[in-house]
Amino acid sequence: MTTVTKDSTETKKPKSATREWIESIVFAIVVASAVHWLIIQPYTIPTSSMESSLLTGDFLFVSKLHYGARTPKTLIQFPLTHQTFWGSSIPSYVEWIQMPQTRLPGFSSIKNNDVVVFNVPLEHPGTYERYQNILNVPKGYPIDLRTNYIKRCLAIAGDEMEIKDRQVYINGQPVQNPPNMQFHYIVMTTQSLDDRFFKKYNISTSPSEFTFIQGGFEANFSPATAEELKKLDFIKLVSPVLHSEDNVLFPRDTLFKSSLDNYGPIRVPKKGQKVALDPKNLALYKDIILYYDHNDDVKEENGKIVLDGKPITEYTFNQNYYWMMGDNRHNSVDSRYWGFVPEDHVVGKAVLVWLSIDPNESWMSIGDKVRWKRLFSSIK
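Residues numbered from 1 in each chain as written. Predicted model: local features only at pLDDT ≥ 70, side-chain atom pairs only at ≥ 80, totals over all residues. Heavy atoms only, no water.

Note the threshold: UniProt positions are given in the numbering used here, feature names are shortened, and annotations may be inferred rather than shown by experiment.
Within an unreviewed UniProt entry, the label attached to the chain reads Signal peptidase I, and the organism entered is Xanthocytophaga flava. In the Catalytic activity (unreviewed entry) part of its UniProt record, the chain is described as follows: "Cleavage of hydrophobic, N-terminal signal or leader sequences from secreted and periplasmic proteins." Its UniProt record gives the chain a comment under Subcellular location (unreviewed entry), which states: "Membrane".

As C-alpha cells, then:
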C-alpha cells in the first residue's frame, strides 16, 4: 500500500491584513502593560503640590525597579487604564476578584527626600467618607487602583518627624530643604504689575496659587524669591502667611494641636516595631491597625484598647509606613492631612522629566508652551 503524505513545501494560507493588525495591537498592549508593571511607567503632574520642584504639566518616568514592582491585586482590568475607561466615568475593572499582593525585589529602599509616587491611602473604603467633604475624596478603590499622588518622602519608617516654624526636623535634626520649596506670601506694592513681572520671578498666577488683593497680591513662591522681591523699590512688604492650629489635620483629634507650619513630633511606624497603645494615641494608629494592617476591629472600652475582642496595651506593626509632603508646603494635600502611607501603597520612584508643557500658554507659541529646559531633566 502506498502512503500519500502532504507536501511539506506547501504554502500556508496568508494572514489577512485585519488579523495581522489585531495581533500587532495585542502584542503591543501586552508588551506595554508588562513594561508599565515591571520596569517604568509614565506619569503626569496634574496639580501644583510639588511646585516648583515639579511643575503642573511635567511628564515623568516613574521607576518600578528601584523599590520593586508590586504584583497586581485587581485581577480583571482593561489594559493601560487605571480607574475608568479613557474620558469616561465607566469603571475599567471588576473588584470581585482580588489577589494577594506582594512586592518583587528592588535594588533600593525608600530614602529620605526621595520623590515617590504612591496610591493615596485615604481612598480606602473604610476611610474615604471621613475625608469626602473636606478633601473631595472619591469612592473607595482597591489598593492598586487608588489615585496616584506624588510627594517627597520626608520621613521613613522609624523616623521621628516634627515641623517647627515651617522647618522640618527628622530625628531632631533639620532637613535640607528642596531648593524650590514654596510657601504662601502676602506682597504689597506701590505700582501695578503685569505678566512679565510674574514670569520673571517665576510666580504662578493660576487660581490655586495666586490672588489679587487691595494694594498687592497673595501667591506661593520660594523663600529665595521672597528675598529677591524685598530688594525691589516698589515692593513695600513681603510677609509669609502663618497658619494657626487646624483640627482638619491628621489625626483630626482635639487632643493633637497642629498646623501646617508646626506639627508633631510624630513617630513613623516601622515593621516589627512595638508601640504602647492608650486612648490618646489610638487616634494616630487606628487606621493603620484596622485598615492597613488588616485587623477586624479595634476600639476603646472603659479606658482600655480592645483588638479583635482582646484587651491589649501594645501593638506591633505589620509593615513599614512613610510620611509624604509636597514641596509647595502651603498648597499640598499630604500626610499632614491624612497620615502615614503604607508600604504596599508605594508605586515607584520618580526619576526623570521627559517632557514639560505649560498649561497656561497657547500652542500658537510653541517656544513658550514647551518648557525646553526641563526636557530629560533628572528629579531631585
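## Observations concerning the UniProt feature "domain: Peptidase S26" (unreviewed entry) in the chain
Filter applied, for reference: The helix count covers DSSP runs of H or I at least four residues long, the strand count covers runs of E at least two residues long, and both are numbered beginning at the N terminus.
Here, the residues flagged by UniProt with the feature "domain: Peptidase S26" (unreviewed entry) are residues 19-181 and 311-354. Helix makes up 9% of residues 311-354 and strand 48%, with an end-to-end C-alpha separation of 53 Å.

## Remarks on the nonpolar core
The cut-off we apply is this: We define the nonpolar core as a collection of buried residues of types Ala, Val, Leu, Ile, Met, Phe, Trp, Tyr and Cys that are connected through side-chain atoms lying within 4.5 Å of one another. Relative accessibility thresholds used throughout: buried, under 20% of the residue-type maximum; exposed, over 50%; partly exposed, between the two (1.4 Å probe, protein chains only).
Counting residues in hydrophobic clusters, the biggest one holds 49 residues, and the most contacted among them are Met161, Tyr285, Trp323 and Phe340. Ranked by size, the runner-up nonpolar core spans 19 residues in total, among them Tyr201, Phe210, Phe221 and Ile235.

## Description of unusual backbone geometry
Cis peptide bonds are those with omega within 30 degrees of zero, and the linkage from Glu51 to Ser52 qualifies with 0°. Residue placement: Ser52 occurs in the loop between β1 (40-44) and β2 (58-63). Pro265 follows Gly264 through a cis peptide bond whose omega is 10°. Even without being a glycine, Asn171 presents a positive backbone phi close to 55°. Mapped onto the elements of the fold, Asn171 is located in the loop between β8 (167-170) and β9 (173-174).

## Considering the pattern of salt bridges
Stated precisely, the cut-off is as follows: For salt bridges, the criterion is a side-chain nitrogen of Lys or Arg within 4 Å of an Asp or Glu carboxyl oxygen.
Scanning the model with the defined rule gives twelve salt bridges in all. Here Asp194 and Arg196 are joined by a salt bridge, their closest N and O atoms 2.9 Å apart. When its relative accessible area of 34% is taken as the criterion, Asp194 is described as partly exposed. Through salt bridges with shared partners, a single network forms among Asp58, Asp358, Arg371 and Arg374.

## Comments concerning the confidence of the model for the chain
Let me state the cut-off plainly: Confidence per residue, as judged by the predictor, is encoded in pLDDT with a range of 0 to 100.
For the chain, the average pLDDT comes to 88, and 95% of its residues sit at 70 or higher. Here helix α2 (residues 128-135) is the element of the chain with the lowest mean pLDDT, 71, and strand β20 (residues 321-325) is the one with the highest, 97.

## Thoughts on empty space enclosed by the protein
To keep it simple, the criterion reads: Using a 1 Å grid laid over the protein atoms alone, points where a 1.4 Å probe fits but cannot get out form a cavity; open sets with protein on both sides within 12 Å along at least 5 of 7 lines form a pocket; any residue with an atom within 4 Å of a point counts as lining. Grid points are joined across faces, edges and corners, and a volume is the space filled by probe spheres set on the points. Residues are grouped as follows: Ala, Val, Leu, Ile, Met, Phe, Trp, Tyr, Cys and Pro are nonpolar; Asp, Glu, Lys and Arg are charged; every other residue, Gly included, is polar.
Following the criterion strictly, the structure yields four cavities of 30 Å³ or more and no others. Within this model, the largest cavity holds a volume of roughly 80 Å³. The class makeup of the residues in the lining of the largest cavity is nine nonpolar, two polar and one charged.

## Some remarks on the side chain of Asn320
Put simply, the rule reads: In the analysis that follows, any N or O atom pair within 3.5 Å is treated as a polar contact, provided that within protein one partner can donate a hydrogen and the other can accept it, and provided that, for residues neighboring in sequence, both atoms belong to side chains. Residue contacts are defined here by distance: any two heavy atoms, one from each residue, within 4.5 Å place the two residues in contact.
With respect to the helices, strands and loops of the structure, Asn320 is situated in the loop between β19 (314-316) and β20. A polar contact of 2.9 Å, which involves the side chain of Asn320, links it to the backbone nitrogen of Lys271. Setting aside residues no more than four positions away along its own chain, Asn320 makes contact with Ala157, Pro269, Lys270, Lys271, Val341, Pro342 and Glu343.

## Describing the sheet that holds strand β11 (residues 210-213)
So the rule is basically this: Pairs of strands are assigned from DSSP output, requiring at least two bridges between the strands. Simply put, an axis is a line fit to the C-alpha atoms, just over the touching stretch for a helix, and the angle between two N-to-C directions goes from 0 to 180 degrees.
Spatially, β11-β12-β10-β13 is the arrangement adopted by the four strands of the open sheet, whose pairing is antiparallel. Taken across any chain shown, the strands that pair with only one partner, and hence form the sheet edges, are β11 and β13 (235-240). With strand direction ignored, the average angle separating the axes of adjacent strands in the sheet is 20°. With six bridges joining them, strand β10 (residues 183-189) and strand β12 (residues 216-221) adopt antiparallel strand pairing. Each residue of the ladder has a partner; that of Tyr185, found in β12, is Ala219.

## What about the packing of aromatic side chains?
By convention here, two paired aromatic rings are described through the distance between centres and the angle between planes. Quick note on the threshold: Aromatic rings from Phe, Tyr and Trp, taking only the six-membered ring of Trp, are treated as a pair when their centres fall within 6.5 Å; an angle between ring planes under 30 degrees marks them as stacked, one over 60 as edge-to-face, and anything in between as tilted.
The tally for this structure, following the rule as stated, stands at 23 aromatic pairs. Between Tyr185 and Phe221, the ring centres sit 4.6 Å apart and the planes meet at 5°, which makes this aromatic pair stacked. One end of the pair, Tyr185, is in strand β10; the other, Phe221, is in strand β12, with 36 residues separating them in the sequence. Each member of the pair Tyr185 and Phe221 is classed as buried. Considering the side-chain rings of Tyr315 and Phe317, the 5.6 Å spacing of their centres and the 80° angle between planes classify their relative orientation as edge-to-face. The pair Tyr315 / Phe317 is uniform in exposure class, with both members buried. Aromatic rings pair up to connect Phe197, Phe198, Tyr201, Phe210, Phe212, Phe217 and Phe234 into one cluster.

## Side note on helix α4 (residues 223-230)
Using the following cut-off: Within this analysis, the arc is defined by the directions that extend from the helix axis to the C-beta atoms.
Buried residues of α4: Thr225, Ala226 and Leu229, and no others. The arc enclosing the buried residues of α4, seen along the axis, measures out at 105°, which places them on a common side. Looking at the buried side of α4, the elements it contacts are β10, α3 (195-200), β12 and β13.

## What about the layout of surface pockets?
If a probe the size of a water molecule is rolled over the atoms, the empty space left behind becomes visible. Counted as a void, the second largest pocket has a volume near 890 Å³. Along its surface, the second largest pocket is lined by 27 residues, and His36, Gln41, Gln77, Thr81 and His82 are the ones closest to its centre. At the level of secondary structure, the elements contributing two or more residues to the lining of the second largest pocket comprise α1 (17-38), β1 and β3 (74-77). The leading source of residues in the lining of the second largest pocket is α1, at four residues. Tallied by class, residues from the lining of the second largest pocket come to twelve nonpolar, twelve polar and three charged.

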